[in-house]
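# Fold and contact review
The primary structure of each chain is shown beneath.
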Amino acid sequence: MILTGCEEETPNEPPPSDYPDYYPGGIGSTFKYSIVEKDSAGNLLQSGSRNIFYSGTYNLNGIEYTTQEDSLDFGSQSSVATYLFRKTETAVFYAVDTSQISLLIPDTLKQYVSLRDEMQLLFYPLTSGSSWSLYRITAEVQSGIEIKILDIVARFESVEQIELIIDSVRIVSPTRKVSYTMELFTEIGSPPQRYSAFMWYAQNIGLVKFEGNQFVINIGGGGITFEPSSNILTQELIEYNIE
């Protein structure tokens, strides 16, 4: 954990504009990814597939979300999770499970913390110099003095051409590359644990590639929590259908 005297930064949203859609899909949309997991030394741990289905809508705390059914299949083991997300003209948000995230907070600091119930996956426009807070936990121990516990920052990196095999057909797609960096502060005065990942988004398709540390997981009930791992995941889109 680290002491800071700064207020939490939040992106100043520009006036509504007709931005390109990098997270499309209505109810009934499906996405299938190949997925490979390796340890930090590069040794293969497992490989399989990930299937996503936008199954319907769900009202949580008065907010209407799209329900994302998410299944992982590694052959010998499989899992199914449910996520809730919503989109605005300038951003994409996912609901988080604050009861699980609170486990990251030392008991002595919990009284000073107010948790956000959403994380911000994307913030438009995806242009040079843009960055935003995906999620942050700080404890305001006194006015103007905060202890930082968790900080996840997203940053637009570049426009890249990505080669993909979609429905057995090779395509080259222009994408927006976004980096996600997580810092977890566990002791005052000690450097944070750092994890990072990159995601590539294609206009009118969505997420086409993920590579890096996994630190966002589902525990249950439609909420996301954070459980970092040093293992490296590579995920690439192989099939999709946008409704």
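Structural notes, computed from the coordinates. Keep in mind that this is a model prediction, so the values were computed, not measured. (Residues numbered from 1 in each chain as written. Predicted model: local features only at pLDDT ≥ 70, side-chain atom pairs only at ≥ 80, totals over all residues. Heavy atoms only, no water.)

## Observations regarding the overall build of the protein chain
- The helix and strand tally for the protein chain stands at one helix and 15 strands.
- When burial is assessed residue by residue, the protein chain has 44% of its 243 residues classed as buried.
- Taking all contacts inside the protein chain whose residues are at least 6 apart in sequence as the whole, residues at least 24 apart take part in 54%.
- For the protein chain, the exposed surface amounts to about 12200 Å²; the carbon and sulfur share of it is 47%. (Helix = DSSP H or I, 4+ residues; strand = E, 2+ residues; numbered from the N terminus. Buried < 20%, exposed > 50% of the residue type's maximum accessible area, 1.4 Å probe, protein only. Contact = heavy atoms within 4.5 Å. Areas by Shrake-Rupley, 256 points an atom, 1.4 Å probe, with all protein chains shown as cover.)

## Some words on the packing of aromatic side chains
- Applying the stated criterion across every chain yields a total of eleven aromatic pairs.
- Relative to F85, the ring of Y54 lies with its centre 4.9 Å away and its plane at 55 degrees, an arrangement referred to as tilted. Taken as a pair, Y54 in strand β3 (residues 44-60) and F85 in strand β5 (residues 78-87) lie far apart in primary sequence, 31 residues in all.
- By relative accessible area, which is 3% here, Y54 ends up buried.
- What links up through ring pairs into an aromatic cluster is the set Y23, F31, Y54, Y83, F85, Y94 and Y201.
- Taking the ring centre of F93 as reference, the NZ or CZ of R86 above it sits at 4.4 Å. (Phe/Tyr/Trp six-rings, centres within 6.5 Å; stacked < 30°, edge-to-face > 60°. Lys NZ or Arg CZ within 6 Å of the ring centre and 35° of its normal.)

## Description of the pairing of strand β10 (residues 169-184)
- For strand β9 (residues 145-166) and β10, the ladder comprises 16 bridges, and the chain directions are antiparallel. Residue A154 lies in a different strand from β10, and its bridge partner there is Y180.
- Here β9 hands over to β10 after two residues, with D167 in that stretch at a positive phi of 50 degrees.
- In terms of strand pairing, β10 meets strand β11 (residues 193-202) through nine bridges, oriented antiparallel. (Pairing = 2+ DSSP bridges.)

## Focus on the pairing of strand β8 (residues 131-142)
- In the sheet, β8 pairs with β9 via ten bridges, with the strands oriented antiparallel. Looking at β9, one finds that S133 is bridged to V153.
- The antiparallel hairpin formed by β8 and β9 contains two residues in its connecting segment, where G144 sits at a positive phi of about 85 degrees.

## Structural notes on the side chain of E118
- Mapped onto the fold, E118 is located in strand β7 (residues 118-123).
- A distance of 2.6 Å separates the side chain of E118 from the side chain of Y65, its partner in a polar contact.
- A polar atom in the side chain of E118 sits 2.6 Å from the side chain of R86.
- E118 has contacts with I63, Y65, R86, F93, Y94, A95, V96 and Y135, leaving out every residue within four places of it along the chain. (Polar contact = N/O pair within 3.5 Å; in protein donor to acceptor, adjacent residues only side chain to side chain.)

## What to know about the pattern of salt bridges
- If you walk through the whole model with that rule in mind, you get nine salt bridges.
- Between E118 and R86 there is a salt bridge whose closest N-O contact spans 2.6 Å. A residue pair is termed long-range when its members are at least 10 positions apart, and E118 in strand β7 and R86 in strand β5 qualify at 32 residues.
- Taking the relative accessible area as the measure of exposure, E118 reaches 12% and is therefore buried.
- Exposure remark for R86: the relative accessible area of 22% places this residue in the partly exposed category.
- In this structure, D151 and K148 form a salt bridge, with 3.5 Å as the shortest nitrogen-oxygen distance.
- Judged by relative accessible area, which is 6%, D151 ranks as buried.
- With a relative accessible area of 18%, K148 lands in the buried category.
- By sharing partners, the salt bridges in this structure join R136, K148 and D151 into a single network. (Salt bridge = Lys/Arg side-chain N within 4 Å of Asp/Glu carboxyl O.)

Keep in mind that these numbers describe shape and distance, not what the molecule does.
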